[in-house]
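Residues per chain are reported as follows:
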2 protein chains.
Amino acid sequence: MEVTVDDERLDAMFAALADRTRRDIVARLSEGEATVGELAAPYAMSLQAVSQHIGVLERCGLVSRSRHRQTRPCRLEPQALEAAVSWIEESRRAWADRVDRLEAHLARLQEGYQR
Amino acid sequence: MEVTVDDERLDAMFAALADRTRRDIVARLSEGEATVGELAAPYAMSLQAVSQHIGVLERCGLVSRSRHRQTRPCRLEPQALEAAVSWIEESRRAWADRVDRLEAHLARLQEGYQR
DNA sequence: GACTTAGTCAAGCAGATGCTTTATCAAGCT
DNA sequence: AGCTTGATAAAGCATCTGCTTGACTAAGTC
């Protein structure tokens, strides 16, 4: 049974992860919630830029923002990462299967020659 | 021990996978080698465009092109996919650990109240 | 040698992306 | 009410991307 994830979602997800700053933010959030300001602090770029990066992560479902007083705490939505992993795993598995079949085939040929 | 993959490589890899046509090509190649022309056939776009897509996949190490007569057979280099998977898995694992710790903590609190 | 096949190279263009700056808003502080 | 803090909104700009077309090359066919 295949887990079919729609293409647009994968587009957005991989595109989101294609930026170092955003991968950094995801890694940071995997250690726990953080506000936009906290996430922005380590970077040379403006708070607005980081807020935009978080927007990208939010739009593809990897991160969600809530409110607490004036701050906007962000947290990871890891089931979204699942979609990306499963696509990659599926392709890799298909390739591995193919290599296995090929090797098995070659092994049978080899056996044939030796007999 | 961490498998540290350099950021530029991950940038290129996720960017490569952020395109539906390129993911299609990877999926197709996971079923076996194919020439540029064979890969291009299903698409409305020009052969040149597909060749450029393959170039992107090649530059990030996911695909390699060889030569056979006038054709350029392409094949998947699946150990490259490993880098992407391991980055994602690592972040997800960190998040899962954190959730587990949190739940364990809450469980202990709960126990405390009931005693 | 001329023609076809399979593909690359290169220039150009419309639209997306990553940042900036300025302006604005909502919550808390005095 | 006015000021500060934490953040979003919007406009602008340089660069990158995905595609196109036209020109070229290498290998095989007539």
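As shown above, the structure is provided for reference.
Residues numbered from 1 in each chain as written. Chains lettered and ligands numbered in written order. Predicted model: local features only at pLDDT ≥ 70, side-chain atom pairs only at ≥ 80, totals over all residues. Heavy atoms only, no water.

Peer 1: Before we go on, may I ask you to explain the protein's contact with DNA strand D in this structure?
Peer 2: Taken together, 20 residues are adjacent to DNA strand D, and Gly37, Ser51 and Arg65 of chain A together with Gln48 and His53 of chain B come closest. Counting only the atoms of DNA strand D that lie within 4 Å of the protein, the sugar and phosphate share comes to 66%. Here a phosphate oxygen of DNA strand D sits 2.5 Å away from a polar atom, N or O, in the main chain of glycine 37 of chain A. (Near = heavy atom within 4 Å. Polar contact = N/O pair within 3.5 Å; in protein donor to acceptor, adjacent residues only side chain to side chain.)

Peer 1: I tried to follow the nonpolar core on my own but got confused; where do I start?
Peer 2: Generally speaking, nonpolar side chains in soluble globular proteins are found buried as a group. Residues Phe14, Leu62 and Ile88 of chain A together with Phe14, Leu62 and Ile88 of chain B are the most contacted members of the largest nonpolar core, which totals 60 residues. With residues near it in sequence (within four places) discarded, isoleucine 88 of chain B still touches Leu17, Leu81, Ala84, Val85 and Ile88 of chain A together with Phe14 of chain B. (Core = buried A, V, L, I, M, F, W, Y, C linked by side-chain atoms within 4.5 Å. Buried < 20%, exposed > 50% of the residue type's maximum accessible area, 1.4 Å probe, protein only. Contact = heavy atoms within 4.5 Å.)

Peer 1: Please explain the packing of helix α2 (residues 20-29) of chain A against helix α4 (residues 47-59) of chain A as it appears in this structure.
Peer 2: When two helices pack together, their arrangement is given by the angle between their axes and by how far apart the axes lie. All names here are of chain A. In contact at an axis separation of 10 Å, α2 and α4 are set at 75 degrees when each is read in the N-to-C sense. For the element pair α2 / α4, the angle class is roughly perpendicular. Every residue of α4 that contacts α2 at Thr21, Arg22, Ile25 and Val26 is listed here: Val50, His53, Ile54, Val56 and Leu57. (Axes fitted to C-alpha atoms, helices over the stretch in contact; angles between N-to-C directions. Helix = DSSP H or I, 4+ residues; strand = E, 2+ residues; numbered from the N terminus. Parallel < 35°, antiparallel > 145°, perpendicular 65-115°, else oblique.)

Peer 1: I'm lost on the relation of the copies chain A and chain B in this one. Help?
Peer 2: Copy one and copy two of the chain differ by a rotation about a common axis and a shift along it. Take chain A, turn it by 180 degrees, move it 0.0 Å along the axis, and it overlays chain B with an RMSD of 0.1 Å. What the superposition gives is, in effect, a two-fold axis relating one chain to the other. Here 100% of the contact residues of chain A are again contact residues in chain B; the copies associate through an equivalent surface. (Least-squares fit on C-alpha atoms with pLDDT ≥ 70 in both.)

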